[in-house]
Amino acid sequence: MQTSERKKPNYLNAEHTVASWLLTVDHKRIAILYLVSITLMFFIGGLMAGAIRTELLTPAGDLMSSDTYDKAFTLHGIVMVFFFLIPSIPATLGNFLVPLMIGAKDLAFPRLNLLSWYVYIVGATIGIVATVTGGLDTGWTLYTPYSTAYATTNVVLPAIGIFITGFSSILTGLNFIVTIHKMRAPGLTWFRLPLFIWAHYATSIVMVLATPVIAITVLMVVLDRGFGLGIFDPKAGGDPVLFQHLFWFYSHPAVYIMILPAMGVISEVIPCFSKKRIFGYNFIAASSLSIAVIGFFVWGHHLFTTPQSMYAAMAFSIISFAVAVPSAVKTFNWAATMYKGSITFEAPMIYAFGFMGLFLVGGLTGLFLGALGLDLHVHDTYFVVAHFHYIMVGGAIMAYMAGLHFWWPKITGKMYPEGPAKAAALIIFVGFNLTFFPQFLAGYAGMPRRYHYYPPEFQIFNVLSTAGASILGFGYLLPLCYLLWSLRHGREAGPNPWGATGLEWMIDSPPPPHNFDTTPVVNWEPYDYPAAHRDAAKDAVPEAASV
Amino acid sequence: MLLSLSLFPPQASTNAAEVDALYLFLVALCSLTAFGVIAAMTFFAIRYRRRPGNEVGADIHGSTVLEIIWTAIPFVILMFVFAWGASLYFKLSRPPEDAMEVFVVGRQWMWKIQHMEGRREINTLHVPLGKPVKLTMTSEDVIHAFYVPAFRVKADVVPGRYTTLWFQPTQTGEFHLFCAEYCGTEHSRMGGSIIVMQPAEYEAWLAAAPGGGGLPSGGSASLTPVQLGKKLFTEKACATCHLPAPGGVGPVLVGIYGQQVELASGATVKVDEAYIRESILTPLAKVVKGFPPAMPTFGGQLTEEQVMSLIAYVKSLSDGAGSGAAVPAAPAASTPATLAPAN
Amino acid sequence: MSEIASRLQHHFADEEQQYDAATFGMWVFLVTEIMFFGGLLMTYVVYRTTFPQVFAEASHHLNIYLGTFNTIVLIGSSLTMAMAVHSARLNHRNALAGYLVLTMILGSVFLGVKSYEYAHKWHEGLFPGNFFYDGPDAVHQRLFFSVYFALTGLHAAHMIIGIGIMAVMLRMTLKNSFDENWYTPVELTGLYWHFVDLVWIFLFPLLYLIERHG
């Protein structure tokens, strides 16, 4: 049976030329293009993180100059946020899986999808080349008037890079929205959609509504700097804090662009390895949407120390607490999904557990920052740094790894090696906590962020953190090695190694070029593991996962 | 013990203990929640692991009752945390009436501090124990943030406007002062210390070197901000139009601080530091009703310290009759022709 | 060449789905455009409420006659664009080409008038990079012109892109690419052009007509 499958063309072996990759309009191949590019970005950003952590081993800052240090953390932030995290799950797993999960042959606009990758590559190249050659020292937040009038480094080019990359994200979001609305297979109603799709739908709304605002904002920075427009320059009568409002109007929802797809992944992985329906499907779907919507009204919580009115601050604070509720609801539902399950512990599940732990810490420490009086102390300290790394690295990347392992058999047709994968998950989890937990303590003890030199009493936290970072770095290299290894040496996966429900598992691995030979007609509920189990027992097919 | 000491900055202001209380409450609340969820998941993972006889999960869709419970309970708790945080913030952002005032100007990469008694210092702020201190701050270049971990306070210092911050020290000693908003290459070196002294020592320190602090500033160093403002008021010919009694080209400034004035546009505005500052630097943005838009702009002609001194002087005119800071008579010779419109 | 089947891309079930997806996609794109202009309009709103009088005065430097003329030109171009889409629907190829050309001409007239206004501002010293105007509260007047140039410049960039797209439509029309069953690109171009016109309908009063009443 497997030999006959191997002869069938799939999206990987259908064509072999370089042009067939670079000019492909197949969403699966574009997902692979994105996967390769963002992996590269991740390691560039990671290299900078390594440089930062090494430098902070000692309080005296004796490895590099302040100027170099500032450029290192700026490059780290820009690469990780704009060129890695924003496209991470949506552009790779999302691109690959959205059409498969809804029974479509491709995204609605395949050429636009390819264009979005090229736009991304152009933007990222400009951004990286400019920051590496000239260097940019404004921090990824590009705060005015430092960025517009005082920085002596090259602000314009990286800003243009961010501007361009934004369009890639807009195009991806637009494509997902139209695809999810218009391309669902017959019978696949909204409430039969996998929660991964709901999460990507919510993400796309954020991408489409928020990204244009950052685009116009960095454009204004470029014009301010290039043509002396003075919109954000207090010397020209402008208001530098207005920039922060516009910036965070995008950059706070941007966090949801990172975490909502991560939540989507977790909502697939936990039911599959619990062999159980997801608990509270409607509530998880609704919470994705409410996070996306409420998330647009909380940006002001980044500005509690700026001269915004006291009442505005209070409004932003209360809404920020409100947006914590749907995240809590999701977490409780995931935990409840395991109740009376039939739980196994393959690598995706281990990564999902890691996500749960880290996301819990990240989310709960957000309450400290939302509490107004407390935020005045911890704002712009390492407490904030730790908090958002728990969400964006602990949460989003753990889920990304969970998803990558979960769908790796589908994407490549090969199984990854289970032992190293579990080991990597544990190493990453331990390394991550050792890196970032001490930063909470350093932050509350009063260590400001973006500090090249720091008072010696904070050294203990930084030494712990750097030690953790070396473990974490090693942990992140492991999947790169064994996943590449599996491409050649991995066991054949077969269509559905996990016994998972969902349309993507009903076709070959890797999928054929046009996904579905005949359009599927859906007349079942999502996550119907009890029914899947009955069917499997009826067909008496040997279970692939138990091999 | 050593470790536990370094987990908190010194608790050196009246607010510090309250901030720490909220922090500790949240630490307890969050630990409880996290351990609860993790314990439940661990229990489920062990209890419901795949075993012979447990090949598939139970057929459960969900529970609306549970969803309502775990939506409502967190919501109520979170609103409580909000209220606690907000009331603390309310307190932290409203300086007491009797707070002593200090001017702070940030620039890349130093803090310039001006005491009302005339003494100036750089990167160090001496304050007396037990007395509320209100800082009025601005920046000459980019955004900075004034951060004293031991007092649990922080406020951005923004060019083109004033921000304030207050604290009441409860411990003598030397505490870190940091710039918390990234401001360029030497950001991490833009700091210094807050030195809290016994009130008597502080008085002695103030008196010891009037105008000291090693800041050469063109002969005006020995003056208090009010004196300097008074001097500038004459030098810049403000006194020509702003007479002590009605009849001048500009509004009378005696007693104006803290009042509501009606503008030419019909709106009203409260005369505070921000409005006085704006009226000096861009006088035509908000002209008081009944006066010609005749005032020349002083934007770019005054340093931030000079503007602050002028404000201090204008404020002193509203301190009551006994302040001794009457508006000086206009020196007729220096009346610029452009400033004498027929009235 | 103009087989219906050839226009149906492989991943769509039928023509209707393809058409629905295309128009829906265009609407979503226009929403992103609203947010794009929205960031700048927000800036405008913030500064106008902060400096209402300065904005009113600065606005008087704009030539209301040229602004009105341009508004009429753009409304006219929306009409010709609508006629172009109508002609496409009826498969009137020559009329379609004619209306497209007319729309492009009207768009160019708008841009010509706009560049005349820009040049005038430059000479008056009202261009932010070349600002030597010395009236009352020049600092904040300059802010008005910064916002003015940013908004109208962004709008003009959209017009230029629109004219470029129409050139492509014209070429496709002349190559006989459209018929009454398939003219989606023309329709989408129309949506885009109406949006660009609509932006101007907001910009004109916001920039030119501050306190002009009475």
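Residues numbered from 1 in each chain as written. Chains lettered and ligands numbered in written order. Predicted model: local features only at pLDDT ≥ 70, side-chain atom pairs only at ≥ 80, totals over all residues. Heavy atoms only, no water.

## Structural notes on the pattern of salt bridges
All names here are of chain B. Under the criterion given, the structure shown has 22 salt bridges over all chains. Lys91 is paired through a salt bridge with Glu18; the nearest N and O atoms lie 2.5 Å apart. Remark: Glu18 occurs in helix H2 (residues 14-47) and Lys91 occurs in helix H3 (residues 64-92); sequence separation between them is 73 residues. We classify Lys91 as partly exposed; its relative accessible area is 39%. (Salt bridge = Lys/Arg side-chain N within 4 Å of Asp/Glu carboxyl O. Helix = DSSP H or I, 4+ residues; strand = E, 2+ residues; numbered from the N terminus. Buried < 20%, exposed > 50% of the residue type's maximum accessible area, 1.4 Å probe, protein only.)

## Brief notes about the interface of chain B and chain C
Counting from both sides, the interface comprises 6 residues of chain B and, opposite them, 6 residues of chain C. Between chain B and chain C, a total of about 490 Å² is buried, with carbon and sulfur atoms accounting for 64% of that surface. Of all residues in chain B, Thr282(B), Leu284(B) and Ala285(B) bury the most surface against chain C, accounting for 65% of the area lost on that side. Across the contact surface, chain B and chain C share 0 salt bridges. Here the residues of the side of chain B that touches chain C are counted per class, giving 2 nonpolar, 2 polar and 2 charged. (Contact = heavy atoms within 4.5 Å. Buried area = accessible area lost by both parts, 1.4 Å probe. Nonpolar A, V, L, I, M, F, W, Y, C, P; charged D, E, K, R; others polar.)

## Details of the sheet that holds strand S6 (residues 144-148) of chain B
Across a sheet, paired strands are connected by hydrogen bonds in the backbone, their directions being either parallel or antiparallel. Residue and element names in this part refer to chain B. Strand order in the open sheet made by the 5 strands is S4-S10-S9-S6-S7, with mixed pairing throughout. If you trace the sheet from one side to the other, it starts and ends with strand S4 (124-128) and strand S7 (153-157), each paired once. With strand direction ignored, the average angle separating the axes of adjacent strands in the sheet is 20°. The sheet contacts of helix H4 (residues 199-208) involve S4 and strand S10 (192-197), and relative to S4 the element is tilted by about 130°. (Pairing = 2+ DSSP bridges. Axes fitted to C-alpha atoms, helices over the stretch in contact; angles between N-to-C directions.)

## Let's talk about the side chain of Ser147(A)
All names here are of chain A. Position of Ser147 relative to the elements: it lies in helix H7 (residues 146-150). Looking at Ser147, its side chain comes within polar contact range of the main-chain oxygen of Leu142, at 2.9 Å. The contacts of Ser147, once residues within four sequence positions are left out, are Thr138, Leu142, Val155, Val221 and Arg225. (Polar contact = N/O pair within 3.5 Å; in protein donor to acceptor, adjacent residues only side chain to side chain.)

## What about the interface of chain A and chain B?
Opposite the 92 residues of chain A that make contact, chain B presents 81 residues. Contact between chain A and chain B buries roughly 7500 Å² in total, counting both sides, with carbon and sulfur atoms accounting for 69%. Between chain A and chain B we count 2 salt bridges in total. In this structure, Arg277(A) engages Asp59(B) in a salt bridge whose closest nitrogen and oxygen atoms are separated by 2.6 Å.

## Concerning empty space enclosed by the protein
This structure, assessed with the given rule, holds 8 cavities of 30 Å³ or more. Looking at the largest cavity, its volume works out to about 600 Å³. Lining the largest cavity are 32 residues, with His242(B), Pro251(B), Leu253(B), Ser279(B) and Met295(B) positioned closest to its centre. Contributing elements (two or more residues each) for the lining of the largest cavity: helix H6 (238-241), helix H7 (273-281) and helix H8 (304-316) of chain B. Per element, the largest residue contribution to the lining of the largest cavity is 4 residues, and it comes from H7(B). Its residues placed into classes, the lining of the largest cavity shows 27 nonpolar, 3 polar and 2 charged. Quantified by volume, the second largest cavity comes out at close to 140 Å³. Forming the walls of the second largest cavity are 14 residues, and the residues nearest its centre are Arg192(A), Pro194(A), Gly502(A), Leu503(A) and Pro526(A). The residue inventory of the lining of the second largest cavity, partitioned by class, reads 8 nonpolar, 2 polar and 4 charged. (1 Å grid on protein atoms, 1.4 Å probe; cavity = no way out; pocket = protein on both sides within 12 Å on 5 of 7 lines; lining within 4 Å. Points joined across faces, edges and corners; volume = space filled by probe spheres on them.)

## Overview of the sheet that holds strand S1 (residues 100-107) of chain B
All names here are of chain B. Pairing is mixed across the open sheet formed by 5 strands, whose spatial order is S3-S2-S1-S5-S8. Since the sheet does not close on itself, it has two edges, and those belong to strand S3 (120-122) and strand S8 (163-167), each with one partner. Within this sheet the neighbouring strands show an average axis-to-axis angle of 25°, counted without direction. Here 7 bridges tie S1 to strand S5 (residues 133-139), and the two strands are oriented parallel to one another. Along S5, the bridge assignment pairs Glu101 with Lys134.

## Quick look at the domain arrangement of chain B
Residue and element names in this part refer to chain B. Per the domain assignment, the segments of chain B are domain 1 (8-44 + 95-218) and domain 2 (225-321). The contact between domain 1 and domain 2 buries some 1200 Å² in all, and 64% of this surface belongs to carbon and sulfur atoms. The interface formed by domain 1 and domain 2 holds 3 salt bridges in total. Linking Glu305 and Lys112 is a salt bridge whose minimum nitrogen-to-oxygen distance equals 3.0 Å. Applying the counting rule to domain 1 against domain 2 returns 3 residue pairs in polar contact (both at pLDDT 80 or more). Broken down by secondary-structure element, the contributors of at least two residues to the side of domain 1 that touches domain 2 are S1, strand S2 (110-115) and S5. Of the residues forming the side of domain 1 that touches domain 2, the biggest block, 5 residues, is contributed by S5. Per-class residue counts for the side of domain 1 that touches domain 2 are 6 nonpolar, 7 polar and 6 charged. (Domains from an automatic or database assignment.)

## Topic: the state of the cysteines
Put plainly, a disulfide is one covalent bond tying together the sulfur atoms of two cysteines. Residue and element names in this part refer to chain B. The final tally for this structure, using the stated rule, is 0 disulfides over all chains. Note on Cys183: no disulfide assigned, nearest cysteine sulfur contributed by Cys179 at a separation of 3.9 Å. The exposure class assigned to Cys183 is buried, which follows from its relative accessible area of 0%. (Disulfide = S-S within 2.5 Å.)

## Remarks on helix H15 (residues 382-412) of chain A
All names here are of chain A. The sharpest bend along H15 reaches about 45° and sits at Phe406, with the proline Pro409 one to four residues further on. Counting buried positions over the 31 residues of H15 gives 30, a clear majority of the element. One or two residues past the end of H15 sits Gly413, with phi positive at roughly 85°. (Bend = angle between axes of the 7 residues up to and from the residue.)

## Let's talk about the pairing of S7(B)
Residue and element names in this part refer to chain B. Of all 5 residues in S7, 5 are buried, a share of seventy percent or more. What you see with S7 is no split at all: Val153, Ala155 and Val157 on one side and Lys154 and Asp156 on the other are buried throughout. Sheet analysis places S6 next to S7, joined by 5 bridges and oriented antiparallel. Note that in S7 the partner of Val148 across the bridge is Val153. Following S6, the chain reverses through 4 residues before pairing antiparallel with S7; Arg152 in that reversal takes a positive phi of roughly 60°.

## Re the side chain of Asp179(C)
Looking at where Asp179(C) falls in the secondary structure, it is placed in the loop between helix H6 (138-174) and helix H7 (184-208). A distance of 2.8 Å separates the side chain of Asp179(C) from the backbone nitrogen of Asn181(C), its partner in a polar contact.

## Quick look at the packing of helix H8 (residues 156-182) of chain A against helix H9 (residues 195-227) of chain A
Residues and elements named next belong to chain A. Orientation of H8 relative to H9, taken along the N-to-C sense of each, is 155°, at an axis distance of 8 Å. As summarised for this structure, H8 and H9 are arranged roughly antiparallel, according to the angle between their axes. Here the hand of the crossing between H8 and H9 comes out left-handed. Class assignment of the residues belonging to the contact of H8 with H9 gives a composition of 20 nonpolar, 7 polar and 1 charged. (Parallel < 35°, antiparallel > 145°, perpendicular 65-115°, else oblique. Left-handed = near helix turned anticlockwise from the far one by under 90°.)

## A closer look at the nonpolar core
Ranked by size, the top nonpolar core spans 332 residues in total, and within it Leu93(A), Phe355(A), Trp407(A), Leu135(B), Phe146(B), Phe151(B) and Ile194(B) carry the most contacts. It is helix H10 (residues 240-274) of chain A that provides the largest number of residues to this core, a total of 23 residues. Aside from chain neighbours lying at most four places away, what touches Phe355(A) is Ile259(A), Ala262(A), Ile266(A), Trp334(A), Leu360(A), Gly394(A), Gly395(A), Met398(A) and Ala399(A). Judged by nonpolar contacts, the second largest core, of 29 residues, contains Tyr162(B), Val269(B), Leu281(B) and Tyr313(B). (Core = buried A, V, L, I, M, F, W, Y, C linked by side-chain atoms within 4.5 Å.)

## Comments concerning the packing of aromatic side chains
Residue and element names in this part refer to chain A. One pass over the full model with this rule turns up 80 aromatic pairs over all chains. Taken together, a centroid distance of 4.9 Å and an interplanar angle of 45° make the contact between Phe42 and Phe84 tilted. Separated by 42 residues along the polypeptide, Phe42 in helix H3 (residues 27-55) and Phe84 in helix H4 (residues 66-85) bring together distant segments of the chain. With respect to class, Phe42 is no different from Phe84; both count as buried. (Phe/Tyr/Trp six-rings, centres within 6.5 Å; stacked < 30°, edge-to-face > 60°.)

## Quick word on a nonpolar patch on the surface
Residues and elements named next belong to chain B. Among the surface-exposed residues, Val65, Leu66, Ile69, Ile73 and Ile77 lie close enough to one another that they form a single nonpolar patch of about 410 Å² accessible area. One can find Ile69 in helix H3. Ile69 gets classed as partly exposed once you look at its relative accessible area, which sits at 41%. (Patch = residues over 30% accessible without salt bridge, like charges linked within 9 Å, V, L, I, M, F, W, Y side chains within 5 Å. Areas by Shrake-Rupley, 256 points an atom, 1.4 Å probe, with all protein chains shown as cover.)

## Things to note about H8(A)
Here H8(A) is 27 residues long and its end C-alpha atoms lie 39 Å apart, about the 39 Å a rise of 1.5 Å per residue gives. Buried residues dominate H8(A), accounting for 21 of its 27 residues. (Expected span 1.5 Å × (residues − 1).)

## Concerning the confidence of the model for chain C
Detailed reading of predicted coordinates is not advised where the pLDDT is low. Residues and elements named next belong to chain C. The pLDDT averaged across chain C works out to 89; a share of 94% of its residues lies at or above 70. Counting contacts from residues 1-5, a segment whose pLDDT is below 50, to residues more than four positions away or on other chains yields 5 contacts. Interface confidence for the predicted complex, given as ipTM, is 0.92, next to a pTM of 0.91. (pLDDT = per-residue confidence, 0-100.)

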